[in-house]
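# Examination of the molecular architecture
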Amino acid sequence: MVSRVRVWLNRTYAENVFFMDQLRRNPSDRAVEIHATHGDPDSPVLAAADTADLEPEGLSPAAYVEYALDQCRRRSIDVFVPRLHQAAIVAHRADFAAAGTALLAPPPEAVALFEDKVVAYEAVQAIGVPVPPWWRVRTADELVAAVEELEGAGHKACFKPASGAGGVGFRVVTRTPFSLTHLTGFPGPYVPLDLVVEALRSADEQVNWIVMPRLEQPEVSVDCLTGRDNVLRMAIGRTKNGRRRGFTLHEQWLEPARRIAEGFGLHHLSNVQFRMFGDRPVLMDVNTRPAGGLHQLALCGVNAPWAAVQLALGEDPGTVEPPFLGQDYTVVSGARPLRPVTLPQQRTAETGPLLPAVPAPADAVEPAAQAPLPL
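Structural notes, computed from the coordinates. (Residues numbered from 1 in each chain as written. Predicted model: local features only at pLDDT ≥ 70, side-chain atom pairs only at ≥ 80, totals over all residues. Heavy atoms only, no water.)

## Considering a nonpolar patch on the surface
Short version of the rule: Candidates for patches are residues over 30% relative accessible area with no salt bridge; among them, like charges are joined within 9 Å and nonpolar side chains (Val, Leu, Ile, Met, Phe, Trp, Tyr) within 5 Å. Only the protein chains shown count as cover for residues, and the accessible areas themselves come from Shrake-Rupley with a 1.4 Å probe. The working definition used for a salt bridge is a side-chain nitrogen of Lys or Arg within 4 Å of a carboxyl oxygen of Asp or Glu. In this description a helix means any DSSP run of H or I spanning at least four residues, a strand means any run of E spanning at least two, and both kinds are numbered starting from the N terminus. Buried residues are those whose accessible area, probed at 1.4 Å on protein chains only, stays under 20% of the maximum for their type, while exposed residues exceed 50% and partly exposed ones sit between those limits.
On the surface, Phe 178, Leu 180, Leu 183 and Leu 195 cluster together into a nonpolar patch covering about 430 Å² of accessible area. Here Leu 180 is to be found in the loop between β8 (171-174) and β9 (190-192). Residue Leu 180 is classed as exposed on the basis of its relative accessible area, which comes to 65%.

The following block contains the structure:
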């Protein structure tokens, strides 16, 4: 009899409720139990999990590793998919292995390389992957010099933190003075250069930004699955052009993603993002974790989360190729239930039934991206 697999996702994105759905509906018909932790008691991933815990706040990376090891031991975790404090966790892979837990994450060297976008750009450019022009900026004068050079070449300048994820801190520089125009409609990414310069000069510390031209659509995110032998098992591009989404297997996107994933040892799941600079694709970002939209590959007949768990367990899924490319689609808001208590119901024993659920109030829902039907 094949044993069940116990998977833990820590402080992950709300959209990964669909990642969890796909694990349970895996093509191997293997029993999967999911543990989730989060700092927000109203995160839908807690309600979607079989067991859940609230994470303590304010832990240092080292203290969080101890917390994670304790979770793995107490919950008998087979596969851990770390998002929060990923770098610190993967540095202790041997400790997790001793606890019987496989990490679904790249090795420390790969995580460290792609934590800093400037360092990452330098590394991928050295292996022949095209990147846009960029400047590391720490002061107001450096910002102005970079913006002027980009504008002189006919580009719009934008900036974002050199370390970060999810588009947090992304802004587009404009020369338009601040006015009521900026206060009408929905907030946008545009920020007047003079206000940014003023903020930088009055700040008590330097920033660590990367300044680059604003890149054009389409945006293509290549979801990759790579073995610990540095051989790619899967590369499928998800395209985004405005509201329209789709899929691609064109080599202009897949070949550089493959070169990055295999060349830098991005083991397990990673996501390599490209946009257009003029008439050619250039690298925009590399994520050393599963992308929030990974579940959308179900529209191509692919269950990527399960293939990744198999690989983490040492069960090589082989080459994962889509049997077809799904039709174009869009993403709309949906609803997921929340529990009316701090945590979702818990299993009474390791293999026991779930306690009876308490019906959630009708308005206890949280918007989440609507998923295609998971495999």
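## Digging into the pattern of salt bridges
Think of it this way: side chains of opposite charge can pair up when their charged atoms draw near. For the structure on display, the rule yields 23 salt bridges. A salt bridge links Arg 6 to Glu 33; the shortest N-O distance between them is 3.8 Å. Of this pair, Arg 6 sits in strand β1 (residues 5-10) while Glu 33 sits in strand β2 (residues 32-38), placing them 27 residues apart in sequence. The class for Arg 6 is buried, based on a relative accessible area of 3%. A relative accessible area of 10% means that Glu 33 is categorised as buried. A salt bridge links Arg 233 to Asp 316, with the shortest nitrogen-to-oxygen separation between them at 2.8 Å. Taken together, the residues Arg 233 in strand β12 (residues 232-241) and Asp 316 in the loop between α11 (304-312) and β16 (333-337) connect sequence positions 83 residues apart. By relative accessible area, Asp 316 is classed as partly exposed at 46%. Residues joined in a network through salt bridges with shared partners are Arg 4, Arg 6, Glu 33 and Asp 78.

Without other data, these values stay purely geometric and don't point to any function.
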